[in-house]
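Single-letter residue listing:
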Amino acid sequence: MSSDKKKNTGKPSILSQWKNRKNKTTSSNAILPRPQDQTALPCSGQQRLWLLQKRYPENSFYQYGHLYQFTGKLDREQLLKSFQFLLDRHEILRTNFIEGEKSLELKINTQTPLDIQHFDLSSLSTKEAEEKAKVISQEICLKGFDLAHDALVRIALLKFSAEKHSLVLSMHHIIGDRSSLLLLNQEWFAHYKASLAALDASSPELKIQYADYAFWKSTQVTNAKDIDYWKNQLAGDLPILALPSDFKRPKKSNFTGNSLSKKLSAGLSQQIRQLAKAHQTTNYVIILSALKVLLYRYTGQKDILVGSPFSTRDKVELEKLIGFFNETLVLRSALSAEMSFHDLIDQVKQTTMDALSHKNMTFEELVKILQPERHENSNPIFQVMFVYNGANNHRYDLEDLQIEEESINLKVSKFDLTLFANEQNEQIELNIEFAQSLFREDTIQRMLQHLEIILDATSQQSNPSLAKIPLLSSEEKQELLINWNNTQQALPPQKAIHHLIEEMARLHPTQIAVTHQNKQLSYADLNQQANAIAAKLLEQNTKANQPLGLYTNRSVELIVGLVGILKSGAAYLPLDPEYPAERIEYMLQDSGAALVLSTSDLKEQLSFTSAKIIDIDAAILEPRKDTLVLPEVQSTDLAYFIYTSGSTGKPKGVPISHGNLLHSTAARFSFYPSNPSCFLLLSSFSFDSSVAGIFWTLCTGGNLLIPPKRIEQDTFVLGEMIAQHQVSHTLLLPSLYQTILQHCPTKLLNSLRNVMVAGEACPPALLQAHFEKMPQTELYNEYGPTEATVWCIAHKITASDQHFVPIGKAIPNASVYILDQQLQAVPVGVAGELLIGGLGLSNGYLNRPELSAEKFITTSLEGKTLRLYKTGDLARFHADGRIEFLGRVDEQVKIRGFRVEPEEISKVILAYPGVQEALVVVQKKEQDGQKQQLRLVAYLLEQETIDLAELRHFLKGQLPDYMIPAAILPLPEFPRLPNGKINRKELPAPDDQAMDN
Ligand code: AMP
Ligand code: MG
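Residues numbered from 1 in each chain as written. Chains lettered and ligands numbered in written order. Predicted model: local features only at pLDDT ≥ 70, side-chain atom pairs only at ≥ 80, totals over all residues. Heavy atoms only, no water.

Novice: Sorry if this is basic, but what is going on with the overall build of the chain here?
Specialist: The number of helices and strands found in the chain is 28 helices and 39 strands. Once the C-alpha set of the chain is aligned to its principal axes, its extents read approximately 125 × 75 × 55 Å. Out of the 997 residues in the chain, the part that is buried amounts to 56%. As displayed, the chain has an accessible area near 44400 Å², and 49% of this comes from carbon and sulfur atoms. (Helix = DSSP H or I, 4+ residues; strand = E, 2+ residues; numbered from the N terminus. Buried < 20%, exposed > 50% of the residue type's maximum accessible area, 1.4 Å probe, protein only. Areas by Shrake-Rupley, 256 points an atom, 1.4 Å probe, with all protein chains shown as cover.)

Given below as structure tokens:
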């Protein structure tokens, strides 16, 4: 039994209160005709509509369009007379809205002639007539209303034949709501019928008119209890629903929309009714609960607000009035992963009942009290609306005339999304009206299907927790999990990567393998010198999987050393001589590397380490026996170790095997249309983006061009180098490519065939420059973490990617999953964490079993057991299977392309004497008006006064340059949230003086 049912207080239910309403209309609060000397004023809801119309005069978003089809004998004259009768009977139908001296006023016209147009289409063919009728009805319904002067209801009568007519009715919402339309239909056709039968056609006299109601409403004082209820209910920060959309939200909404519907089966409709019954509630509550689940699962947000209209027509004397009686309830729910669906139903039921019992407060008042932040492009307080329409008559059978009525889709959307649930006979139909500036049709189709699946799964016997309610159809699962990961491809037969390089040396011995400034090595040279290194290393008894430090500047020796290490059966550990000694020493210690391969010019710089140093230059020159036997390497043996930033305060080592590297390299052979004839290696060999160029080039016989240090700081020199060496391929950060395109004469870049941007999100702004200046060059976006060996997702960029640049699809032998926290696949369009599977996956971090277990997981999807790496990246699928990168789930960032865990820096700062607490955050810095750069800012609490220059010096001794905060700010105390966590929003921004202090 639900908690709600136990809590039954014995209070009269809303339904019984409503049933008793007649008895409760006491004379003291009865609605009476307004005083004659009073100017008639609109009610607050009408004022809101008036303001909206004034703000968006071109929009027909608050208009109704209805189509009536008449089959049979129609007395047109009488039909119009009966309509005139309605105009005479209801003041509101002949009211205008005018700006008076102090406020908006109602101008009630005594006489309004019918605004009617006639069209005779009977001479046209059926098809032509239908098309013409469509055009007419759109015209009539979309034509705006001048609220001050126009008749606010207009009709058009269309004749198709003697027996077939239709009528289009357009009305502004300000004079009538949906139930008014039903009333209008009833009175209209009753009058028509009675008149034709020569019976008394007059309806019972109206005691009051809408303006009397508006006056009465203005005299009502909002109950303090109602105000308190809503203040409390809507306390705290009101979240903006982060519903994933297909298009970027425009700066200003234009309210164009569309609507799509889905009819639930009779069986499911029945299940829903039964579930409602079991919870002593209505279908409304069940479907609203399902909507909340959908929104929760689509956004991950747990505080979900939905608007829902209700009618203020809750007194007997209002029952026969046409007019605007709509009000909006805001229904807020607290959802959680563990909560069961049945508990949610009970919560939503209670919230709805409470809201209804405090409903005597207008939305305008609510907005005034809450003062929510206003945005031009989204609704305040809630962004999604839910409307439930009970069963209604849309057919009127008169003696020899059948009338069928339907609403006309005006292609508008008042909100981001409105879910309508319409009861039709025994079936429930779901209909979503959506903003076309945000959503595509297929997205809404999926949403409707997900709602159906949620309702189906929850209205059966089971009562799943909200996080586990099924969402996806089996077709969707098949596509997301199986079809889009169907990437198997044969690998090269070699077991070790250097065998491919050896093969090139055999096939193309004289071809240039490596170039650095004026030094070049042919494949034969490279192979021979690397053999010499391997021989030297083997003398030291190097073993498989053993890390071997490689401490070299950019040079051909770097490549000789690297290939030599691989040949010796060991794995290389890149050590950038620019790194602080402490960091290098840490990497040597952590990995257990006892040998370091270096060049003679760096010997002195290495004095800090106790590791044994082997000199590449000397080793190459050493006389050697001819019978070198290289060890056999297995594909599971490690090829390299790359250290990457770690949140524990120390970098973490990622070991990569020959198998991983063979896969990563071979995938390039098939993914890309050409192999590099000359590859410009811009990345430092400390990062795995260098691996792409090194092995792709050397395994396919190209020239690996190693530029001097910091070449990227002079793009002209860089361009000259590209031209001189006829560089065909390069891989670089999107920001660097952008700079090159901006500053480098295009004629220098003509040899480039294939440019890959990687490491950071590719901004769409890059595309224009590229396709304008380098249309002949193919541009690719590559994505991948070090843990999955350089790349795993890639995309060939086209000019049509100008709105966002996808990262693409899984590369050969990689698989990609976008999952929620429960490790369930999320639908297309919805954000989740990117998990990677396939042949690129490392075995786990070095010496970090716990972290490895957390990030490298084994899970089962669609019956398949998979080992996956959790990237911490947020992404979503598009309907064509391409992936959009959306950011991070954690704090990790890329600073100038370098992967940084800000916590690593905080931990290092904390180790400095006198620091009590430290926090490093990433801030955006505007540059040249539009380009944004990220920078690190450190905040700290001091135990004693700290000399910041000394602290900075200390950090430089521990961390690479890119991890040194741009500013360090001591604070007297950290701003805190009520839960004690640091309130990041309140951290002061450093001024320019604090930079580099
Ligand atoms: P790293 O291991 O240093 O290569 O960094 C991997 C991380 O860089 C990924 O997890 C992403 O956060 C980011 N990243 C790499 N490539 C891209 C890309 N093409 N677009 C967006 N982010 C990327
Ligand atoms: Mg990388």
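Novice: What is the right way to read the sheet that holds strand β12 (residues 401-407) from this model?
Specialist: Paired through their backbone hydrogen bonds, the strands of a sheet run either parallel or antiparallel. Strand order in this open sheet of six strands is β4-β5-β6-β1-β12-β11, and the pairing throughout is mixed. The strands lining the two open edges of the sheet, one partner per strand, are β4 (116-120) and β11 (395-398). Strand-to-strand, the axes of this sheet are offset by a mean angle of 15 degrees, without reference to chain direction. Sheet analysis places strand β5 (residues 153-161) next to strand β6 (residues 164-172), joined by eight bridges and oriented antiparallel. Note on β6: the bridge partner recorded for Leu 157 is Leu 167. On top of the sheet, helix α6 (residues 126-142) reaches β1 (63-72), β4, β5 and β6; it is set at about 175 degrees to β5, its chief contact. Contacts from helix α7 (residues 178-196) reach β1, β6, β11 and β12 within the one sheet, and its direction differs from that of β1 by about 30 degrees. (Pairing = 2+ DSSP bridges. Axes fitted to C-alpha atoms, helices over the stretch in contact; angles between N-to-C directions. Contact = heavy atoms within 4.5 Å.)

Novice: I'm lost on the pattern of salt bridges in this one. Help?
Specialist: Taken as a whole and assessed by the stated rule, the structure comprises 36 salt bridges. Its salt-bridge partner being Arg 154, residue Asp 115 comes within 3.9 Å of it at the nearest N-O pair. Of this pair, Asp 115 sits in the loop between β3 (104-108) and β4 while Arg 154 sits in strand β5, placing them 39 residues apart in sequence. Here Glu 833 and Lys 870 are joined by a salt bridge, their closest N and O atoms 3.7 Å apart. One end of the pair, Glu 833, is in strand β31 (residues 832-838); the other, Lys 870, is in strand β33 (residues 864-877), with 37 residues separating them in the sequence. Glu 833 gets classed as buried once you look at its relative accessible area, which sits at 14%. Salt bridges here are not isolated pairs; linked through shared partners, they connect Arg 34, Glu 91 and Asp 212. (Salt bridge = Lys/Arg side-chain N within 4 Å of Asp/Glu carboxyl O.)

Novice: When you look at helix α25 (residues 765-773) in this model, what are you seeing that I'm missing?
Specialist: Residues spaced three or four apart along an α-helix point in a common direction, a consequence of the helix completing one turn every 3.6 residues. When α25 is considered as a whole, its buried residues turn out to be Leu 766, Leu 767 and His 770. Projected onto a plane normal to the axis of α25, the buried residues spread over an arc of 95 degrees and lie on a single side. Counted as exposed and oriented over 90 degrees from the buried face of α25: Gln 768 and Glu 772. The secondary structure elements touched by the buried residues of α25 are α24 (734-743), β26 (754-758) and β27 (778-783). (Arc of directions from axis to C-beta.)

Novice: Help me understand the packing of helix α11 (residues 283-299) against helix α14 (residues 441-458) in this model?
Specialist: Think of two packed helices as two axes; the pair is described by the angle between the axes and how far apart they sit. For the pair α11 and α14, the least separation of the axes is 9 Å and the interaxial angle reads 120 degrees. By the angle class used here, α11 and α14 are oblique. Two packed elements cross with a definite hand, and for α11 against α14 that hand is right-handed. When α11 is examined against α14, the residues Ile 286, Ile 287, Ala 290, Leu 291, Val 293, Leu 294 and Tyr 298 are found in contact with a partner set consisting of Arg 446, Met 447, His 450, Leu 451, Ile 454 and Leu 455. Counted by class, the contact of α11 with α14 contains 11 nonpolar, one polar and one charged residues. (Parallel < 35°, antiparallel > 145°, perpendicular 65-115°, else oblique. Left-handed = near helix turned anticlockwise from the far one by under 90°. Nonpolar A, V, L, I, M, F, W, Y, C, P; charged D, E, K, R; others polar.)

Novice: Which parts of the structure should I look at to understand α14?
Specialist: Helix length check: α14, at 18 residues, gives a terminal C-alpha distance of 26 Å against a target of 26 Å (1.5 Å per residue), a fit within 8%. Looking at α14, one finds that the buried residues are Thr 443, Ile 444, Arg 446, Met 447, Leu 448, His 450, Leu 451, Ile 453, Ile 454, Leu 455, Ala 457 and Thr 458. (Expected span 1.5 Å × (residues − 1).)

Novice: What am I meant to see in the packing of helix α5 (residues 76-89) against α7 here?
Specialist: Running from N to C, α5 and α7 cross one another at 125 degrees; their axes reach a closest spacing of 9 Å. In this view, α5 runs oblique relative to α7, as classed from their interaxial angle. The handedness of the crossing between α5 and α7 comes out as right-handed. Of α7, the residues touching α5 (which contributes Gln 78, Leu 79, Ser 82, Phe 83, Phe 85, Leu 86 and Arg 89) are Leu 184, Glu 187, Trp 188, Phe 189, His 191, Tyr 192, Ser 195 and Leu 196. Considered class by class, the residues forming the contact of α5 with α7 number nine nonpolar, four polar and two charged.

Novice: Looking at this model, I keep getting lost on empty space enclosed by the protein. Mind explaining?
Specialist: It is a probe the size of a water molecule, rolled over the atoms, that shows where empty space is left. Taken as a whole and judged by the stated rule, the model has eight cavities of 30 Å³ or more. Reported here for the largest cavity is a volume of approximately 80 Å³. Sorting the residues of the lining of the largest cavity by element identifies β18 (571-575), α19 (581-591) and β21 (638-644) as the ones contributing at least two each. (1 Å grid on protein atoms, 1.4 Å probe; cavity = no way out; pocket = protein on both sides within 12 Å on 5 of 7 lines; lining within 4 Å. Points joined across faces, edges and corners; volume = space filled by probe spheres on them.)

Novice: Sorry, what's going on with the pairing of strand β34 (residues 883-888) here?
Specialist: In regular strands, side chains alternate between the two faces of the sheet. The pairing of β33 with β34 spans five bridges and is antiparallel. Within the sheet, the bridge partner assigned to Asp 873 lies in β34 and is Arg 888. Connecting β33 to the next strand, β34, in antiparallel fashion are five residues, including Gly 881 with a positive phi near 90 degrees.

Novice: I tried to follow the site of ligand 1 on my own but got confused; where do I start?
Specialist: What surrounds ligand 1 is a group of 16 residues, the closest being Glu 782, Thr 786, Asp 873, Lys 894 and Arg 899. In the model, a nitrogen atom of ligand 1 is placed 3.0 Å from a nitrogen or oxygen of the Asn 781 side chain. Between an oxygen atom of ligand 1 and a side-chain N or O atom of Arg 899, the distance comes to 2.6 Å. About the coverage of ligand 1: the protein hides 93% of its 490 Å² of free accessible area. Of all elements in the fold, only β27 and β34 reach the threshold of two or more residues within the shell around ligand 1. If one sorts the elements of the shell around ligand 1 by residue count, β27 sits on top with three residues. (Near = heavy atom within 4 Å. Polar contact = N/O pair within 3.5 Å; in protein donor to acceptor, adjacent residues only side chain to side chain.)

Novice: Got a minute to help me understand the sheet that holds strand β15 (residues 512-516) in this structure?
Specialist: On the basis of which strands lie adjacent, the open sheet formed by nine strands has the order β16-β15-β24-β23-β25-β26-β27-β28-β29 and mixed pairing. Edge positions in the open sheet fall to β16 (519-522) and β29 (809-810), since each of these has one partner strand only. Judged from the three bridges that link them, strand β23 (residues 678-681) and strand β24 (residues 703-706) form a sheet pairing that is parallel. Its bridge partner being in β24, Leu 680 is matched across the sheet by Leu 705.

Novice: What is the right way to look at the packing of aromatic side chains in this model?
Specialist: When we look at a pair of aromatic rings, we describe it by the centre distance and by the angle of the planes. Following the criterion strictly, the structure yields 34 aromatic pairs and no others. Ring geometry for Tyr 284 and Phe 386: centres 5.1 Å apart, planes at 50 degrees, overall tilted. You can see Tyr 284 sitting in helix α11 and its partner Phe 386 sitting in strand β10 (residues 384-389), a full 102 residues away along the chain. A centroid spacing of 5.5 Å and a plane angle of 75 degrees characterise the contact between Tyr 845 and Phe 856, whose relative ring orientation is edge-to-face. Of this pair, Tyr 845 sits in the loop between β31 and α26 (849-855) while Phe 856 sits in strand β32 (residues 856-861), and the two are 11 residues apart along the sequence. (Phe/Tyr/Trp six-rings, centres within 6.5 Å; stacked < 30°, edge-to-face > 60°.)

Novice: So what exactly am I meant to see when it comes to unusual backbone geometry here?
Specialist: The phi angle of most residues is negative, glycine excepted, and most peptide bonds adopt the trans form. Positive phi values are uncommon outside glycine, yet Asn 545 reaches one of about 70 degrees. Summarising the element assignment, Asn 545 is placed in the loop between α17 (523-539) and β17 (547-551). Given a relative accessible area of 36%, Asn 545 falls into the partly exposed group. At Arg 710, a position not held by glycine, the phi torsion is positive, near 55 degrees. Position of Arg 710 among the secondary structure elements: in the loop between β24 and α23 (715-725).

Novice: Hey, could you run me through the confidence of the model for the chain in this one?
Specialist: Do not read the predicted coordinates in detail wherever pLDDT is low. The share of residues in the chain with pLDDT of 70 or more is 96%, and the mean pLDDT across the chain is 92. When the criterion is pLDDT under 50, residues 1-12 qualifies, and its contacts beyond four places in sequence or with other chains add up to 10 contacts. Counting contacts from residues 21-26, a segment whose pLDDT is below 50, to residues more than four positions away or on other chains yields seven contacts. (pLDDT = per-residue confidence, 0-100.)

Novice: Is there a simple way to explain the environment of Ser 670 in this structure?
Specialist: Its place among the elements puts Ser 670 in helix α21 (residues 658-671). Given the relative accessible area of 39%, Ser 670 is considered partly exposed. Along the chain, Ser 670 and Pro 812 lie 142 residues apart, while their C-alpha atoms are 7.9 Å from each other. Excluding anything up to four places from it in sequence, Ser 670 contacts Gln 489 and Pro 812. One polar contact links Ser 670 to Gln 489, side chain to side chain, over a distance of 2.7 Å.

Novice: I would appreciate a short explanation of the environment of Leu 846 in the present structure.
Specialist: Take Leu 846: it is sitting in the loop between β31 and α26. Sequence-wise, Leu 846 and Gln 220 are 626 residues apart; in three dimensions their C-alpha atoms are separated by 72 Å. Excluding residues within four positions of it along the chain, Leu 846 makes contact with Asp 590, Ser 591, Phe 641, Tyr 643, Gly 653 and Pro 655.

Novice: Please clarify how the state of the cysteines should be interpreted in this entry.
Specialist: Cysteine pairs can be covalently joined through their sulfur atoms, and such a bond is termed a disulfide. Per the stated rule, a full pass over the model turns up zero disulfides. Left unpaired, Cys 762 is separated from the closest cysteine sulfur, that of Cys 792, by 17 Å. (Disulfide = S-S within 2.5 Å.)

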